[in-house]
Amino acid sequence: MARSEAAKRAQALLEGETGRTYAEEAGIRVRDTPQPMYQLLVLAHLLSARIRAATAVAAARALFSAGLRSPRRMRDATWQERVDALGEGGYRRYDERTATQLGDEAELLLEKYGGDLRRMRAEADGDVDALRAALREMPGIGPAGADIFLREAQAVWPEVSPYFDQRALEGARRAGLPADRAALADLVPREDLPALAAALVRTSLDRPSTRAENAA
């Protein structure tokens, strides 16, 4: 396919219903400051479960509305407060386990990085594999959660970009786009890469066997 045609298809994805990042849906304005990056970690955690993406986004919104917007507030909340917020967002299938993991995750983040994911980034020193491995040390963040976080974090952490994981590349194939990271990155401006990655993930999930699953 000619690049011009591929670029038109990519632009159509961005302009359609799929062309929003998951952070945008959750009301997170991604910036390279501690609180929004932590909120992005929480969202990635929730999205990585085998649950509908819309439910995970609603649960993230409910947690933030309950004031659990920072690792300190998350850690200091009671387990029941975390369970109740998750339930308010409809995240009932994994609410008890996730409430425990979110508390443990916040505690580790505070102990190891002072609650600031930018310190994790600094320790990785531009090594994306090292950053991915550090993310996976967080309770409840597995390979899928790390991928979700990095897909969205590339908006403000340029060393991560272009970040298209296997789910996004599967979506590219389904959309008739090149399943190649560099080729995809050449289709849209750099600032649109997180939205394109999210659109491709939604495209990969647009089949009956995965509609009930998460965005990972």
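Structural data are supplied above this passage.
Residues numbered from 1 in each chain as written. Predicted model: local features only at pLDDT ≥ 70, side-chain atom pairs only at ≥ 80, totals over all residues. Heavy atoms only, no water.

### Quick look at the overall build of the chain
Along its length, the chain carries 13 helices and zero strands. Going from N to C terminus, the chain has its helices and strands arranged as α-α-α-α-α-α-α-α-α-α-α-α-α. For 216 residues, the compact-globule estimate of 2.2 N^0.38 gives 17 Å, and the chain sits close to it at 17 Å. If you line up the chain on its principal axes, its C-alpha atoms span 55 × 40 × 25 Å. Taken across its 216 residues, the chain has 53% of its residues classed as buried. When the accessible surface of the chain is totalled, it reaches about 9700 Å², and 44% of it is carbon and sulfur. (Helix = DSSP H or I, 4+ residues; strand = E, 2+ residues; numbered from the N terminus. Rg over C-alpha atoms; globule rule 2.2 N^0.38 Å. Buried < 20%, exposed > 50% of the residue type's maximum accessible area, 1.4 Å probe, protein only. Areas by Shrake-Rupley, 256 points an atom, 1.4 Å probe, with all protein chains shown as cover.)

### Quick notes on the packing of aromatic side chains
Going through the model one piece at a time under the given rule, you end up with two aromatic pairs. Relative to tyrosine 94, the ring of tyrosine 91 lies with its centre 6.5 Å away and its plane at 55°, an arrangement referred to as tilted. Judged by its relative accessible area of 1%, tyrosine 91 falls in the buried class. Here the aromatic rings of phenylalanine 149 and tryptophan 157 are separated by 5.7 Å at their centres, their planes lie at 65°, and the arrangement is edge-to-face. A relative accessible area of 0% places phenylalanine 149 in the buried class. You can call tryptophan 157 buried: its relative accessible area is 0%. A cation sits over an aromatic face here: arginine 202 above tyrosine 22, 4.2 Å from the ring centre. (Phe/Tyr/Trp six-rings, centres within 6.5 Å; stacked < 30°, edge-to-face > 60°. Lys NZ or Arg CZ within 6 Å of the ring centre and 35° of its normal.)

### Concerning helix H11 (residues 166–174)
Those residues of H11 not exposed but buried are Ala168, Leu169, Gly171 and Ala172. Buried residues in H11, looked at end-on, bunch into an arc of 155°, giving them a common side. Contact partners of the buried residues in H11: helix H12 (181–185) and helix H13 (193–205). The first or second residue beyond H11 is glycine 176, which carries a positive phi of 75°. (Arc of directions from axis to C-beta. Contact = heavy atoms within 4.5 Å.)

### A look at the nonpolar core
What tends to happen in soluble globular proteins is that the nonpolar side chains get buried as a cluster. Membership of the largest hydrophobic core comes to 75 residues, with the highest contact counts inside it found for Leu63, Phe149 and Leu177. For leucine 177, the residues in contact, after removing those within four places along its chain, are Ala6, Arg9, Ala10, Leu13, Ala172, Leu184, Leu187 and Leu200. (Core = buried A, V, L, I, M, F, W, Y, C linked by side-chain atoms within 4.5 Å.)

### Observations regarding the environment of alanine 60
The residue alanine 60 is located in helix H4 (residues 53–65) in this model. For alanine 60, a relative accessible area of 0% translates into the label buried. Placed 16 residues apart in sequence, alanine 60 and alanine 44 show a C-alpha to C-alpha distance of 9.4 Å. Not counting residues within four places of it along the chain, the set of residues in contact with alanine 60 comprises Ala26, Leu43 and Leu46.

### Here we look at the pattern of salt bridges
According to the stated counting rule, one finds 13 salt bridges in the structure shown. Here arginine 3 and aspartate 186 are joined by a salt bridge, their closest N and O atoms 2.8 Å apart. Of this pair, arginine 3 sits in helix H1 (residues 3–15) while aspartate 186 sits in the loop between H12 and H13; the two residues are 183 residues apart in sequence, bridging distant segments of the chain. Overlapping salt bridges, with partners in common, bring together Asp32, Arg121 and Glu159 in one network. (Salt bridge = Lys/Arg side-chain N within 4 Å of Asp/Glu carboxyl O.)

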